[in-house]
Amino acid sequence: HQRRSRTGCIPTGYEMLLRAAGITSVNYARFQDDFDLDVNLGRGRTVPRNNFISVAAAVRLKYPFLHFEQKSFAKGKDKVAFIDACLARQRPILLSLTQLRSGRPSGWHIMPIVDAGPEACLLLRFVRKDGTPVTEWINKSTIAEIHDKYEGGKEIAFLKAKGLGRAGLPDQ
């Protein structure tokens, strides 16, 4: 469950990747609190600090064996091709996607891709407090179109760490 809906999607997403990878040497009870760099946003601070790189750096300071990487894309078709390549290798990834309300951009959301087919990806939008996941299928062509049409939402993040195999899963 994402504790802070306004600011915590990156630390929550990173936590989800670690859980999916079976990493046990992390304090999950404090993870979102420790790595939400914008926890005080709106209380005297107005410039957001959370992004894939800044949160990854904070995680790495505390857990040097963990390394999150991000990749940015100029074109939506390249982003979708990278998504497909990661999913083919069973590498868990986080997608940054511009959110639309009434056809207009309204910020970004960071979500894990939890399943995919040839034409669409299943995104984990959020997890309710009771543990119920809320998911949404989105066409890959829509991901590419949103990417190309709007500013922001150009990145994907994934886990690379010692002791993890090529797929981002623990070595057996």
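Residues numbered from 1 in each chain as written. Predicted model: local features only at pLDDT ≥ 70, side-chain atom pairs only at ≥ 80, totals over all residues. Heavy atoms only, no water.

Draft legend 1. Quick peek at the overall build of the chain. When its secondary structure is counted, the chain shows five helices and six strands. When the elements of the chain are put in sequence order from the N terminus, they spell out α-α-α-β-α-β-β-β-β-α-β. Burial status across the chain gives 46% buried among its 172 residues. In the chain, 57% of the contacts between residues at least 6 apart in sequence involve partners at least 24 apart. (Helix = DSSP H or I, 4+ residues; strand = E, 2+ residues; numbered from the N terminus. Buried < 20%, exposed > 50% of the residue type's maximum accessible area, 1.4 Å probe, protein only. Contact = heavy atoms within 4.5 Å.)

Draft legend 2. Spatial organisation of the nonpolar core. One finds Tyr14, Leu18, Val26, Val59, Leu66 and Phe68 to be the most contacted residues of the largest nonpolar core, which totals 24 residues. Of all the elements in the fold, those that place two or more residues in this core are α1 (9-20), α2 (31-35), α3 (52-62), β1 (66-72) and β6 (155-161). The residues touching Val26, leaving out its near neighbours within four places in the chain, are Leu18, Phe31, Tyr63 and Leu66. (Core = buried A, V, L, I, M, F, W, Y, C linked by side-chain atoms within 4.5 Å.)

Draft legend 3. Region of interest: the pairing of strand β4 (residues 120-127). Judged by how many residues are buried, β4 sits mostly within the fold: six of eight residues are covered. Two strands pair when backbone bridges link them, and β4 and strand β5 (residues 133-139) are joined in this way by seven bridges, in the antiparallel orientation. Its bridge partner being in β5, Leu124 is matched across the sheet by Thr135. The antiparallel hairpin formed by β4 and β5 contains five residues in its connecting segment, where Gly131 sits at a positive phi of about 90 degrees. (Pairing = 2+ DSSP bridges.)

Draft legend 4. Just unusual backbone geometry, in detail. A positive phi angle is found at Gln90, which is not glycine, with a value near 60 degrees. Of note, Gln90 is situated in the loop between α4 (76-88) and β2 (93-101).

Draft legend 5. Representation of the confidence of the model for the chain within the structure. When pLDDT is averaged along the chain, the result is 85; 83% of the residues meet or exceed 70. For the stretch residues 165-172, pLDDT sits under 50, and the model shows 22 contacts to residues farther than four places along the chain or on other chains. (pLDDT = per-residue confidence, 0-100.)

Draft legend 6. Representation of the packing of aromatic side chains. According to the stated counting rule, one finds seven aromatic pairs in the structure shown. Ring pairing ties together the aromatic residues Phe31, Phe35, Tyr63 and Phe65, which thus form one cluster. Positioned over the ring face of Tyr28 is Arg19, at 4.1 Å from the centre of the ring. (Phe/Tyr/Trp six-rings, centres within 6.5 Å; stacked < 30°, edge-to-face > 60°. Lys NZ or Arg CZ within 6 Å of the ring centre and 35° of its normal.)

Draft legend 7. Seen up close, the environment of Arg104. Topologically, Arg104 is positioned in strand β3 (residues 104-116). In sequence terms Arg104 and Tyr150 are 46 residues apart; their C-alpha atoms lie 9.3 Å from each other.

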